[in-house]
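# Working through the structure, step by step
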Amino acid sequence: MGAIYNNNLLAEINEKIQIITEKNSSNFSMIKVEQEDHTLGNLVFLKLLEMESIMFCGYCKTHPLESNIIIKILTDGSLSPIKVLDNCLKDLYIELSSLQK
């Protein structure tokens with residue numbers, strides 16, 4: 001039941017996601033996701049709120065006419081924002097995979 005990744009898929013993901021970190025803070029990051037809207041933003045936002053190490057999270061669309069969202073994550077420092085996002089996306093994948101059955 002593992003996912004199969006190829007170089008084209010990984011290249012597409014790298015072009016779609018941009019991680020913006022703050023120089024002075026290791027527990028805050030902004031993630032810009034290209035070609036996505038409130039559907040993904042709200043899903044990830046609500047799942048992030050359930051994570052224990054989250055102190056703040058939110059998302060916004062960059063402009064109503066653009067299809068980009070920015071996800072902001074602030075953690076308590078026990079995990080990095082990228083690790084928390086990774087755990088969140090893995091949990092969402094498991095939950096959404098169960099809908100296929």
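Everything below is about the structure shown above.
The shown structure was predicted, so the numbers you read here are calculated from the model rather than taken from an experiment. (Residues numbered from 1 in each chain as written. Predicted model: local features only at pLDDT ≥ 70, side-chain atom pairs only at ≥ 80, totals over all residues. Heavy atoms only, no water.)

## A few points about the pairing of strand 1 (residues 17–21)
Sheet topology places strand 1 next to strand 2 (residues 28–34); five bridges connect them, and they run antiparallel. Paired with Thr21 across the bridge in strand 2 is Ser29. Connecting strand 1 to the antiparallel partner strand 2 that follows it, the hairpin turn spans six residues. (Pairing = 2+ DSSP bridges. Helix = DSSP H or I, 4+ residues; strand = E, 2+ residues; numbered from the N terminus.)

## Side note on the sheet that holds strand 3 (residues 54–61)
Hydrogen bonds along the backbone pair up the strands of a sheet, which may run parallel or antiparallel. Across the sheet, four strands lie side by side as 1-2-4-3; this open sheet has antiparallel pairing. Looking at which strands have only one partner, the edges of the open sheet turn out to be strand 1 and strand 3. With direction set aside, neighbouring strand axes in the sheet form an average angle of 15°. Those strands touched by helix 2 (residues 38–49) are strand 2, strand 3 and strand 4 (68–75), and its axis lies near 175° from that of strand 3. (Axes fitted to C-alpha atoms, helices over the stretch in contact; angles between N-to-C directions. Contact = heavy atoms within 4.5 Å.)

## Structural notes on the packing of aromatic side chains
Applying the stated criterion across every chain, the model contains one aromatic pair. An angle of 55° between the planes, with centres 6.1 Å apart, marks the rings of Phe45 and Tyr59 as tilted. Of this pair, Phe45 sits in helix 2 while Tyr59 sits in strand 3, placing them 14 residues apart in sequence. Since its relative accessible area comes to 22%, Phe45 is described here as partly exposed. (Phe/Tyr/Trp six-rings, centres within 6.5 Å; stacked < 30°, edge-to-face > 60°. Buried < 20%, exposed > 50% of the residue type's maximum accessible area, 1.4 Å probe, protein only.)

## Focus on the nonpolar core
Val44, Leu48, Ile54, Ile71 and Ile73 are the most contacted members of the largest nonpolar core, which has 14 residues in total. Counting only elements with at least two residues in this core, the list comes to strand 2, helix 2, strand 3, strand 4 and helix 3 (81–97). The biggest single contributor to this core is helix 3, with four residues. Apart from the residues within four sequence positions on either side, Val44 is in contact with Ile71, Leu85, Cys88, Leu89 and Leu92. (Core = buried A, V, L, I, M, F, W, Y, C linked by side-chain atoms within 4.5 Å.)

Purely spatial values, then, with no claim about function.
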